[in-house]
Amino acid sequence: MKKKIKSIILCGGKGLRLRPITQSIPKPLVKINGKPILSYLLEKLEKTNLSEHIIAVGYKSEKIYEYFEKNKFKKKIEIIDSGNVDIILRIQDCLKKITKEDIMIFYGDTLSNIDINKMQYENIKRKRKASIALWRARSSFGIMKSDKNNLITSYEEKPLLDNWINIGYFYISNSLLKNIYKFVKFEDFISDLILKKELYGFKHTGLHYTVNTEEELHQITKEIHKLK
């Protein structure tokens, strides 16, 4: 694949739902079995066609700088500190380091076994302007169905739903990047792509973990070996 693609990894959030763990460190540095979430993500991205990584930081940014002083990766890494701002402003700051490349955007608290190279390939092969990784949602509750007499006819504990959710992997072609500056919220940019019929889904049916709460942290700690 000849096209050059850079990544933007969003690492600036405060991780309020993971307090007190995130009281002193940004969420991407929260450890899973002794290793930060960000480390797992970068190790995966090192094996892809991405040419280099731009780390968008804000909250406790000095901790991210310290991390990269002690940990080296094969591909070039540049850190952009935008302070306490909305996601789209972080992205806009990072775009100053983009010339002719396409970009992929990743959340720094999200891990999965998605095939990133395949996602890139499909976007380029089909000449799509943008794509977003989707994952089938699962109900948080057991679902029961009943007949007209309220007799229970079936029961399924936390089944997969027909809906698909955004799991924080975006591919955006260079031709669209200037449009990002028109918006004050990243979700408004995404909605505009949908309105213009320029956004496609890349369905992922494998594993996916987002570390927002201590419960989710405990879950991925037990299951991180499945991502290898």
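Structure shown above.
Secondary structure assignment for the chain yields six helices and 13 strands. Computed over its C-alpha atoms, the radius of gyration of the chain comes to 19 Å, within 12% of the 17 Å expected for a compact globule of 228 residues. Projected onto the principal axes, the alpha-carbon positions of the chain cover approximately 65 × 40 × 35 Å. Residue pairs in contact within the chain that sit at least 24 positions apart in sequence constitute 73% of those at least 6 positions apart.

As defined by bridge partners, strand β4 (residues 52–57) adjoins strand β5 (residues 76–81) across six bridges and the pair is classed as parallel. Considered in β5, the bridge of isoleucine 54 is made with glutamate 78. Running through helix α2 (residues 61–70), the crossover from β4 to the neighbouring parallel element β5 is right-handed.

What follows concerns the pattern of salt bridges. Taken as a whole, this structure holds nine salt bridges when the rule is applied. Glutamate 101 is paired through a salt bridge with lysine 6; the nearest N and O atoms lie 3.6 Å apart. Of this pair, glutamate 101 sits in the loop between α3 (87–94) and β6 (102–107) while lysine 6 sits in strand β1 (residues 5–11), and the two are 95 residues apart along the sequence. The exposure class of glutamate 101 is buried, given its relative accessible area of 7%. Residue lysine 6 is classed as buried on the basis of its relative accessible area of 8%. A salt bridge links lysine 96 to aspartate 93; the nearest nitrogen and oxygen atoms lie 3.4 Å apart.

Every buried residue belonging to α2 is among Ser61, Ile64, Tyr67 and Phe68, and all of these are buried. Buried residues of α2 fall within an arc of 110° about the axis and therefore sit on the same side. For α2, exposure combined with an orientation more than 90 degrees from the buried face picks out Glu69 and Lys70. On its buried side, α2 packs onto β1, β3 (35–36), α1 (37–45), β4 and β5.

On the surface, Met144, Ile152 and Tyr155 cluster together into a nonpolar patch covering about 340 Å² of accessible area. The topology assignment puts isoleucine 152 in strand β10 (residues 152–156). A relative accessible area of 47% places isoleucine 152 in the partly exposed class.

Taken as a whole, this structure holds eight aromatic pairs when the rule is applied. Each ring, one from phenylalanine 170 and one from phenylalanine 186, has its centre 5.1 Å from the other, and the planes form 80°; the classification is edge-to-face. With a gap of 16 residues between them, phenylalanine 170 in strand β11 (residues 160–172) and phenylalanine 186 in helix α5 (residues 186–195) connect regions that are remote in the sequence. Here phenylalanine 170 and phenylalanine 186 have matching classes, each one buried.

Look at α1 against α2: their axes get within 12 Å of each other, and the N-to-C directions meet at 55°. Overall, the two elements α1 and α2 adopt an arrangement that is oblique. Seen along the crossing, α1 lies across α2 with a hand that is right-handed. For the pair formed by α1 and α2, the contact residues are Leu38, Ser39 and Leu42 on the first element and Ile64, Tyr67 and Phe68 on the second. Its residues placed into classes, the contact of α1 with α2 shows five nonpolar, one polar and no charged.

The rules behind the values
Residues numbered from 1 in each chain as written. Predicted model: local features only at pLDDT ≥ 70, side-chain atom pairs only at ≥ 80, totals over all residues. Heavy atoms only, no water. Helix = DSSP H or I, 4+ residues; strand = E, 2+ residues; numbered from the N terminus. Rg over C-alpha atoms; globule rule 2.2 N^0.38 Å. Contact = heavy atoms within 4.5 Å. Pairing = 2+ DSSP bridges. Right-handed = clockwise from strand over helix to strand, strands pointing away. Salt bridge = Lys/Arg side-chain N within 4 Å of Asp/Glu carboxyl O. Buried < 20%, exposed > 50% of the residue type's maximum accessible area, 1.4 Å probe, protein only. Arc of directions from axis to C-beta. Patch = residues over 30% accessible without salt bridge, like charges linked within 9 Å, V, L, I, M, F, W, Y side chains within 5 Å. Areas by Shrake-Rupley, 256 points an atom, 1.4 Å probe, with all protein chains shown as cover. Phe/Tyr/Trp six-rings, centres within 6.5 Å; stacked < 30°, edge-to-face > 60°. Axes fitted to C-alpha atoms, helices over the stretch in contact; angles between N-to-C directions. Parallel < 35°, antiparallel > 145°, perpendicular 65-115°, else oblique. Left-handed = near helix turned anticlockwise from the far one by under 90°. Nonpolar A, V, L, I, M, F, W, Y, C, P; charged D, E, K, R; others polar.

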